[in-house]
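A closer look at the structure
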Amino acid sequence: MGKLAVRALRAVLVVVLVGTVFVQASMVWAMATHEEEGSLPLTPLRVITILGMASAQVTVVCVGRLVTMVRRGTVFSHAAFRYVDGVIGAIVAAALMWFAVTAINAPGQRDDPGVTLIMGGIGVAILGVALIVLVLRMLLAQAVARDVEAARMQAELDEVI
């Protein structure tokens with residue numbers, strides 16, 4: 001991975017992290033100072049937003065650690081699995097929170113249930129992203145196994161020579 005790509009990705013991760021912290025602070029401030037108005041229950045939506053931003057932050061930290069491992073050449077190790085698992089867990093949590101938002105929003109969509117169906121479809125798509133990352137985790141497991149096997153074979157070859 002090139003230095004420019006690593007720097008660009010790290011810059012994006014920092015922007016996302018700062019942005020999510022700003023959103024969380026805004027939601028906490030809104031819960032403390034603004035009363036509920038309108039037909040939607042705002043407090044549960046604000047809490048879900050805060051938790052959703054936390055799942056994004058977990059993903060950012062895990063991806064940042066994986067980028068560091070790639071840069072150091074240590075990504076093909078068992079230590080990488082904990083970060084990949086963190087990303088998968090955060091994505092699943094985000095999908096569950098999206099389904100909660102969909103459920104909260106559904107009573108207001110009685111006249112147009114298509115909105116609820118679309119929101120449910122987005123939740124399924126988020127779960128699909130988690131499944132894609134799970135497949136990538138399986139590929140990482142295969143790469144780590146092959147790397148371990150190659151190291152073992154190299155050690156055997158070194159003994160013979």
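Residues numbered from 1 in each chain as written. Predicted model: local features only at pLDDT ≥ 70, side-chain atom pairs only at ≥ 80, totals over all residues. Heavy atoms only, no water.

1. Comments concerning the overall build of the chain
Applicable threshold: A run of H or I in DSSP becomes a helix once it reaches four residues, and a run of E becomes a strand once it reaches two; helices and strands are each numbered from the N terminus. Our radius of gyration looks at C-alpha atoms and nothing else; its globule reference is 2.2 Å times the residue count to the power 0.38. Only protein chains enter the calculation, and the probe is 1.4 Å; a residue is then buried if its accessible area is under 20% of its type maximum, exposed if over 50%, and partly exposed in between. Residue contacts are counted whenever heavy atoms from the two residues lie within 4.5 Å of one another. For the area figures, the Shrake-Rupley method with a 1.4 Å probe applies, and any residue is considered shielded solely by the protein chains shown. By the counting rule applied here, Lys and Arg register as positive and Asp and Glu as negative, while His and the ends of each chain are not counted. By convention, the charge on Lys lies at NZ, on Arg at CZ, on Asp at CG and on Glu at CD.
Each helix and strand counted, the chain has 4 helices and 0 strands in total. Counted from the first residue to the last, the chain has its helices and strands arranged as α-α-α-α. Computed over its C-alpha atoms, the radius of gyration of the chain comes to 21 Å, more than 25% above the 15 Å expected for a compact globule of 161 residues. For the chain, buried positions account for 26% of its 161 residues. Sequence separation of at least 24 residues holds for 70% of the intrachain contacts in the chain that already meet a minimum separation of 6. With an accessible surface of roughly 10,300 Å², the chain has 71% of that area assigned to carbon and sulfur atoms. On the chain, the mean spot of the 12 positive side-chain charges and the mean spot of the 11 negative ones are 10 Å from each other.

2. Quick notes on the confidence of the model for the chain
Rules: Each residue gets a pLDDT score, which is the predictor's confidence in that residue and runs from 0 to 100.
Across the chain, the average pLDDT comes to 91, with 98% of residues at or above 70. When the elements of the chain are averaged for pLDDT, helix α4 (residues 113–160) gives the smallest value, 92, and helix α3 (residues 79–105) the largest, 95.

3. Focus on the pattern of salt bridges
Operational definition: Just to be clear on terms, a salt bridge is a Lys or Arg side-chain nitrogen sitting within 4 Å of an Asp or Glu carboxyl oxygen.
Inspection of the entire model under this criterion finds 3 salt bridges. Between Arg152 and Glu149 there is a salt bridge; the shortest N-O distance is 2.3 Å. Highlighted residues: Arg152 and Glu149, both in helix α4, separated by 3 residues, approximately one helical turn. Look at the salt bridges and you will find they share partners, linking Glu149, Arg152 and Glu156 into a network.

4. Structural notes on the side chain of Gln24
Considering the arrangement of structural elements, one finds Gln24 in helix α1 (residues 3–33). If we ignore the near neighbours within four places in the chain, the residues touching Gln24 are Ile50, Met53, Ala54 and Gln57.

5. Thoughts on the packing of α1 against helix α2 (residues 42–72)
Threshold: An axis is simply a line fitted to the C-alpha atoms; with a helix, the fit covers only the stretch in contact. Between two such axes, the angle follows the N-to-C directions and lies from 0 to 180 degrees. Roughly parallel here means an angle under 35 degrees, roughly antiparallel means over 145, roughly perpendicular means 65 to 115, and every remaining angle is called oblique. Rotating anticlockwise by less than a right angle from the far helix to the near helix defines a left-handed crossing, while the corresponding clockwise rotation defines a right-handed one. When residues are sorted by character, Ala, Val, Leu, Ile, Met, Phe, Trp, Tyr, Cys and Pro go into the nonpolar class, Asp, Glu, Lys and Arg into the charged class, and all the rest, Gly among them, into the polar class.
Where α1 contacts α2, the axes come no closer than 9 Å and their chain directions differ by 160 degrees. By the angle between their directions, the pair α1 and α2 is classed as roughly antiparallel. Crossing of α1 against α2: the hand is left-handed. For the contact of α1 with α2, the class distribution of residues is 19 nonpolar, 7 polar and 4 charged.

6. A look at the side chain of Arg46
For Arg46, the location among the structural elements is in helix α2. When near neighbours in sequence (up to four residues on either side) are disregarded, Arg46 contacts Met27, Ala30, Met31 and His34.

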